[in-house]
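Residue strings, one per chain:
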Amino acid sequence: MAKEFISFDIKTGMKNIIGRDLITDDFIAIYELVKNSYDAYADYVTITFKGDEIIIADNGKGMSEYDIKEKWLAVAYSAKKDGSEDDDIKRSPHLNNLKSRRYYAGAKGVGRFSCDRLGNNLELTTTHISSEETYKIEIDWRMFELDAKQSFSSVQIPFEKSNSTAIYSNNKRHGTILRITNLNSHWNDIRLLSLKHSLEKIINPFSDSQNEFTIEIIADEFISSNSGKTPFQQINGKITNSILN
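Novice: Would you mind going over the pairing of strand β4 (residues 134-140) with me for this structure?
Specialist: In regular strands, side chains alternate between the two faces of the sheet. Relative to β4, strand β3 (residues 119-127) runs antiparallel, the two sharing seven bridges. Directly across from Thr-126, in β4, lies its bridge partner Tyr-135. The hairpin turn running from β3 into β4, its antiparallel successor, is six residues long. Sheet analysis places β4 next to strand β5 (residues 159-162), joined by four bridges and oriented antiparallel. By the bridge assignment for β5, Ile-137 is matched with Phe-159.

Novice: Is there a simple way to explain the environment of Asp-147 in this structure?
Specialist: With respect to the element layout, Asp-147 can be found in the loop between β4 and β5. Relative accessible area serves as the criterion here: at 39%, Asp-147 is assigned to the partly exposed category. Between the alpha carbons of Asp-147 and Gly-13 there is a distance of 8.6 Å; along the sequence they are 134 residues apart. A distance of 3.0 Å separates a polar atom in the side chain of Asp-147 from the backbone nitrogen of Lys-149.

Novice: I'm lost on the nonpolar core in this one. Help?
Specialist: Nonpolar side chains tend toward joint burial in soluble globular proteins. Of all hydrophobic cores here, the largest spans 47 residues; its most connected members are Ile-30, Ile-47, Phe-49, Trp-187, Leu-199, Phe-213 and Ile-215. With seven residues, the top contributor of residues to this core is helix α2 (residues 26-39). Beyond its immediate chain neighbours, meaning those up to four positions away, Leu-199 contacts Ile-30, Tyr-31, Val-34, Ile-47, Ile-215 and Ile-239.

Novice: So what exactly am I meant to see when it comes to unusual backbone geometry here?
Specialist: Most peptide bonds adopt trans geometry, and most residues besides glycine take a negative phi value. Of note in the backbone geometry, Asn-171 takes a positive phi value of approximately 60° without being a glycine. If you trace the backbone, Asn-171 turns up in the loop between β5 and β6 (175-183). Positioned with a positive phi, Asn-182 is a non-glycine residue whose angle comes to about 55°. With respect to the helices and strands, Asn-182 occurs in strand β6. When its relative accessible area of 33% is taken as the criterion, Asn-182 is described as partly exposed.

What counts, and where the lines are drawn
Residues numbered from 1 in each chain as written. Predicted model: local features only at pLDDT ≥ 70, side-chain atom pairs only at ≥ 80, totals over all residues. Heavy atoms only, no water. Pairing = 2+ DSSP bridges. Helix = DSSP H or I, 4+ residues; strand = E, 2+ residues; numbered from the N terminus. Buried < 20%, exposed > 50% of the residue type's maximum accessible area, 1.4 Å probe, protein only. Polar contact = N/O pair within 3.5 Å; in protein donor to acceptor, adjacent residues only side chain to side chain. Core = buried A, V, L, I, M, F, W, Y, C linked by side-chain atoms within 4.5 Å. Contact = heavy atoms within 4.5 Å.

Below you can see the structure in the form of structure tokens.
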């Protein structure tokens, strides 16, 4: 009897299994994306709520073309887990210094699918710390839901590169920006305040200036609601860990 070899074929339905079905809460989705910024050695992350979009921008090490194609788009692959995540920054004294004081917050390789939980469309813009090129990809997560028999890799994702460097958090010229649109949920003042308190746990209450990690929420629609409130009750502004208080 002749023996042959066969293999698994991953269908597009896997997107929901490791996305919306696995990440069942909007707070957890944003938490996962901010953890990715932390793991990328960002020291400043802004989360902007504006109409029907959420923009998460950091000033971390950013991604190269290789990182996007061979790591970010590799489903369930984690360079943090196999030890190759920081091979490209060994020449950066600043990031090496940060690396010695940080532990990875996530290493499962599915956190990127948090974007699908939050909204139908993703525009990712990134510039690597050692490059002047900017890369952009655009994903419509609904394209993975058209045909249950379609293979995951058959969905084509637009990719473009430019020689003009984008501006990231804290006016840095490297980092990553996630622009999520066509949101799946409505964000009101109550939910935004709950999100702010949820993200506190990422902030080290004993942090010093050498290991500072700042998260700032920007929601212009709710700026007026800050009036007369304590920082703990305000939506807009930098997040601090209030556990010591």
